[in-house]
Amino acid sequence: MDFSVQKGLALIRGIPNYPVIQSKVKYILLDTSLNALGAAFELVTKMVPEMKAEIAGWNEGRKFAVGVLPKGPYITLEKRGDMIFYLGKGLLSPEISLLFKNLDSGVLVFTGMMSSHQAVAECRVIIKGNNAYAMEVTRAMAIVQTYLFPSIMFKKIFKDPPKLSLAQMITKAKVYTLLLPAIVKHMI
Amino acid sequence: MLPNYYQFYCPVKILSGQTAVSNIPFEMSVLGCKKAMVVTDKGVAGAGLIDIVKDAFADSDAKIGYIFDETPPDSSNRIVNKLAQLFSKQDCDCFVAVGGGSSMDTAKGANIVISEGSDDLLKLQGVENITADLKPMIAVPTTAGTGSEVTKAAVIYNEEANAKMAFMSDKLYAEVAVIDPRMTMTMPPKITAATGMDALTHAMEAYTCLQKNPIDDVFAKAAIDLIRHYLVRATQDGKDEEARLGMANAALMAGIAFSNSMVGAVHALAHACGGVCHVPHGVANGIMLPWVLDFNLDMIPEYIAELSGVLGGSIEYLEPADQAQVTVSQVRNLLERLNKISGLPTRLRDAGVSEDMLPKIAEAAVNDGAHVYNPKELTYDIALGLYKKAF
């Protein structure tokens, strides 16, 4: 790392209560990201046929959670009919949970610096519940990420980066347009 | 190449060599245990291997509380729950698992149920989801393939879902692994070959998958080297004690490697073959290994190429992709040789899989967590394509 960057980081670390502040910032970042993911899940299941196909075989009422140990944030979602509904923040009796071991691991994945498969490979995530169901949730999450993250980040987050058709790009633009109001709706 | 991040953990005490089984009562005393639940299967008991274990207890204060010999080839959640109830009823304080992967994984599964205070294994599925300290376990492998004696994994068949469930936790390591050549001498040639291919798959996937790391690489290469020396010998002559001990150590080292590096698409495809069509795990791994190496070849030619020398072929200083092809050929040649010696199937059609089952197996394969660690994405279409090639 460049000396000036190191010096800058050392200065920042010297701020009183730095550990608490940095942890709070990471928590807020992840809380916001998870909220966006929850809202995006709803939008993508509503608008993307491949997502509907992916969840068609899921058991009705399957609840799954994504979050960070030990104190959150967490979100819980549920499959009902051909939709996935974002139930809100917290662990609301999920059947399957995908939980990052710490805030740093969550930040790496939700800022697109690390793929979710690499996070699993590096033992940064624990899974509670049926592993096969967890794999299905992971595949659905990958579809959501396709419509949530800019294409420029695909190489970093997918083993086999998807190439979007024109129709898919239009859908992605619609998801982006509707995402902010959806996030706000869930915040209030 | 160092990965950005890796973890390595193996807390298992290893006893390997002549009369190693005789040390079990002493190891129990070190662990503070007095009454063992011996977990095995009818085949192992019928071959007289439990008698060797019983002999070891003859002059000891430690006792065998109960011998559970009902483990089936693919242990299930029902068997695990039954064993857990027996363990409590018989007032045992440790497990001594004597057998192949199924017996060891059954003991691990029951240990989870007992220690978590549950009545059903299905409630405790997951990865690193076990928080309670488990009862001490001593593992005595009678096959040379699974590596379960040194891994943090247990694979149990879910009778309701008709699929294999994988449990992964650092709590699942045995305290002691006992490698005694007497315990693998009775293995028939075909099972020797199949379990040996299982060990080879563990080592090769550990060496080529996403979480490969320098410590596991050492174990993986050492395992492959032992397999090169001893697998054909042990299959040809089961009484070759040196070859048996060599293969038992190979399986153990491959187990240490993959318990940390994890496996990949071969295992996802093999688990599905086992879950849907009951193809023995080692047989399915052996059949799928060359096809998956070939599939991964364009992504990681260097890693696959590096194994050609360890497998016994010359290092020809070809381009990595060409040298990697040499590795794939070596694996195919080994499989063919084992087929000639023991009748080990080389194609899925010879292993009891019908072509119309392939789509169903491919569906199960993409839901198996093992392929997360594979360098290339395994989709349904790719899985089906690989199965068709291997059919």
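Parameters at a glance
- Residues numbered from 1 in each chain as written.
- Chains lettered and ligands numbered in written order.
- Predicted model: local features only at pLDDT ≥ 70, side-chain atom pairs only at ≥ 80, totals over all residues.
- Helix = DSSP H or I, 4+ residues; strand = E, 2+ residues; numbered from the N terminus.
- Rg over C-alpha atoms; globule rule 2.2 N^0.38 Å.
- Buried ≥ 20, exposed ≤ 12 C-beta atoms within 10 Å, placed from the backbone.
- Contact = placed C-beta atoms within 7 Å.
- Domains from an automatic or database assignment.
- Nonpolar A, V, L, I, M, F, W, Y, C, P; charged D, E, K, R; others polar.
- Pairing = 2+ DSSP bridges.
- Axes fitted to C-alpha atoms, helices over the stretch in contact; angles between N-to-C directions.
- Parallel < 35°, antiparallel > 145°, perpendicular 65-115°, else oblique.

Looking only at helices and strands, chain B has 14 helices and 9 strands in total. For 391 residues, the compact-globule formula gives about 21 Å, and the C-alpha radius of gyration of chain B, at 20 Å, lands near that figure. With respect to the three principal axes, the spread of C-alpha positions in chain B is 60 × 40 × 40 Å. Per-residue burial over chain B gives 58% buried out of 391 residues. For chain B, the proportion of contacts with a sequence separation of at least 24, taken over those separated by at least 6, is 78%.

Another point: the overall build of chain A. For chain A, the helix and strand inventory stands at 8 helices and 5 strands. Moving toward the C terminus, one meets the helices and strands of chain A in the order α-α-α-β-β-β-β-α-α-β-α-α-α. In summary, chain A has a C-alpha radius of gyration of 17 Å against a globular reference of 16 Å for 188 residues, a match within 12%. Its C-alpha atoms put chain A at 55 × 40 × 35 Å along the principal axes. Relative to all contacts within chain A whose residues are 6 or more apart in sequence, the contacts with residues 24 or more apart total 68%.

As a further point, take the environment of A:M135. Positionally, A:M135 belongs in helix 6 (residues 131-148). Judged by C-beta crowding, with 20 C-beta atoms within 10 Å, A:M135 ranks as buried. Non-local contacts of A:M135, meaning those with residues more than four positions away in its chain, are made with B:N367, B:D368 and B:G369.

This paragraph deals with the domain arrangement of chain B. Residues and elements named next belong to chain B. Annotation of chain B at the domain level lists domain 1 (13-183) and domain 2 (189-390). One C-alpha centre belongs to domain 1, the other to domain 2; they are set 25 Å apart. Counting residues at the interface gives 23 residues for domain 1, matched by 28 residues for domain 2. Broken down by element, the residue count for the side of domain 1 that touches domain 2 peaks at 3 residues, all from strand 8 (residues 163-168). Taken together, the residues of the side of domain 1 that touches domain 2 break down into 10 nonpolar, 9 polar and 4 charged.

Residue and element names in this part refer to chain B. Strand order in the open sheet made by the 6 strands is 1-9-6-4-2-3, with parallel pairing throughout. Strand pairing shows two members of the sheet lacking a second neighbour, strand 1 (13-16) and strand 3 (63-68), which therefore form its edges. Mean inter-strand twist for the sheet, computed between neighbouring axes without regard to direction, equals 20°. Strands strand 2 (35-39), strand 4 (94-99) and strand 6 (137-141) of the sheet are contacted by helix 5 (residues 101-115), whose axis makes an angle of about 160° with strand 4.

Attention now goes to the interface of chain A and chain B. With 17 residues of chain A at the interface, the matching set in chain B holds 20 residues. When residues of the side of chain A that touches chain B are traced back to their parent elements, those giving at least two are helix 5 (116-121), strand 5 (125-128) and helix 6 of chain A. Here the residues of the side of chain A that touches chain B are counted per class, giving 7 nonpolar, 5 polar and 5 charged. Pairing between strand 5 of chain A and strand 5 (residues 126-127) of chain B: 2 bridges, direction antiparallel. Bridging from a neighbouring strand, A:I127 pairs with B:V127 of strand 5 of chain B.

In this section: the packing of helix 2 (residues 18-47) of chain A against helix 6 of chain A. Residue and element names in this part refer to chain A. Remark: helix 2 packs on helix 6, axes separated minimally by 10 Å, with the N-to-C direction vectors making an angle of 95°. The pairing of helix 2 with helix 6 is recorded here as roughly perpendicular in orientation. Residues L37, A40, F41 and V44 of helix 2 form the contact with helix 6, whose own contacting residues are I143, V144, Y147 and L148. Within the contact of helix 2 with helix 6, the residues separate by chemical class into 8 nonpolar, no polar and no charged.

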